[in-house]
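Residue-level structural notes
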Amino acid sequence: QLRDRAMLRRCVWIAVAVIALLSDASIGSSHDNWAVLVSTSREWLNYRHSANILAVYQQVRRLGIPVHQILILLAESHAANVHNPQPGTVYHQPSLRQSLMDDEVRIAMRGREVSAEGLIRLLTGRQDEATPRQQRLLSTRASNVLLYMTGHGGEHFFKFHGNDELTSRELADSVAQMWQRGRYGKIMLVMETCHAETMFAHIRSPNVYGMASSREDEDATSGSKSPALGVHLMDAFSEETVRFLSELAPSSNATLSDWVSRLSFEALRSHVVAYEQSTAQGFAQTKVTEFFGGQRGLDLRPEEWVTGD
């Protein structure tokens, strides 16, 4: 009798889970969102670039993207930099009350591993067979992918470590390969650098959304500064983006257009550029959480079925 009751309970859980999945499918919500968050700069004075990425990480994790589907690439571990007066910490607010580093932060690649070639291989899936899972983007045609890059750059290039570059053509070719290999359904490219708009110049693949922190003829600007650390804590674009994301719940209906509206010239001292290439829905119809969230929902499995990552 106890066995029959256990079987009945499992059948009920399965039925509820199927109904939930069908309901989610009917409204087009995504449960396979991936984020690749990249800081391309070294040196203590570029502290803000690590903080940009770690602050965005905290928000996308809070909004529902699973930790194992967020890949953090840091060209410099500023938490371990010899100039850091508080080793093991990275802050994004002048109060320096809460570090962005915690036990949930998993760095997929760091230091010299973070290169233009390394990023291209990660995006396209053309990595060595020995590459560990935590350094792989295991997205599919059913996935929404967020690529968020921050660092120094110029017209048609993004600089890595000061002596390596990802060009706008290489970015476009990588996205094209991703589409051809079924590695995304929709992709959002966020470029935070000087002259960021030019990184979209050669994109021709479908279902591509983009946000650039500056126009073709503009520099990007830094945000808040910490007198105690002697560095800027974030760039203005990421600072305003994180502030916007922090106001959202995982179930938020805020759209990409709402995000654009928050990124004013007065706050950033540059003009953001919203980009779309062959998308079925525009910025006004696309929820922010389609890229920056994951809608985890309820875990409908009996306790004994739940396993770790």
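If you're wondering where the values come from, they're calculated on a predicted model, not measured in any experiment.

Notes on the sheet that holds strand β7 (residues 164-167)
On the basis of which strands lie adjacent, the open sheet formed by 3 strands has the order β5-β6-β7 and antiparallel pairing. The outermost strands of the open sheet, each flanked by one partner alone, are β5 (153-154) and β7. As defined by bridge partners, β5 adjoins strand β6 (residues 157-160) across 2 bridges and the pair is classed as antiparallel. From the neighbouring strand, G153 faces β6, where its bridge partner is F158. Packing of helix α3 (residues 116-124) onto the sheet brings it into contact with β6 and β7, and relative to β7 it is tilted by some 40°.

A word on the sheet that holds strand β2 (residues 70-74)
In sheet architecture, strand pairing relies on hydrogen bonds along the backbone and comes in two forms, parallel and antiparallel. The 7 strands lie next to each other as β3-β2-β1-β4-β8-β9-β12, forming an open sheet whose pairing is mixed. Since the sheet does not close on itself, it has two edges, and those belong to β3 (107-110) and β12 (273-277), each with one partner. If you compare each strand with its neighbour and ignore which way they point, the axes differ by 15° on average. Relative to β2, helix α2 (residues 47-62) is tilted by about 170°, and along the sheet it contacts β1 (33-39), β2, β4 (144-150) and β8 (186-192).

What about the pairing of β12?
Of the two faces of β12, only one is covered, namely that formed by V273, Y275 and Q277; the face formed by A274 and E276 stays uncovered. Here strand β9 (residues 208-212) pairs with β12 via 5 bridges, running antiparallel. Each residue of the ladder has a partner; that of V208, found in β12, is Q277.

Quick look at the pairing of β2
It is a general feature of regular strands that their side chains alternate between the two faces of the sheet. Among the 5 residues in β2, 5 count as buried, and that is most of the element. Burial along β2 is two-sided: the residues I70, I72 and L74 and L71 and L73 are all buried. Here 5 bridges tie β1 to β2, and the two strands are oriented parallel to one another. Among the inter-strand pairings, S39 is bridged to a residue of β2, identified as L74. What joins β1 to β2 is α2, and the crossover it makes is right-handed. Bridging between β2 and β3 involves 3 bridges; their strand directions are parallel. Note that in β3 the partner of L74 across the bridge is R110.

What counts as what
- Residues numbered from 1 in each chain as written.
- Predicted model: local features only at pLDDT ≥ 70, side-chain atom pairs only at ≥ 80, totals over all residues.
- Heavy atoms only, no water.
- Pairing = 2+ DSSP bridges.
- Helix = DSSP H or I, 4+ residues; strand = E, 2+ residues; numbered from the N terminus.
- Contact = heavy atoms within 4.5 Å.
- Axes fitted to C-alpha atoms, helices over the stretch in contact; angles between N-to-C directions.
- Buried < 20%, exposed > 50% of the residue type's maximum accessible area, 1.4 Å probe, protein only.
- Right-handed = clockwise from strand over helix to strand, strands pointing away.

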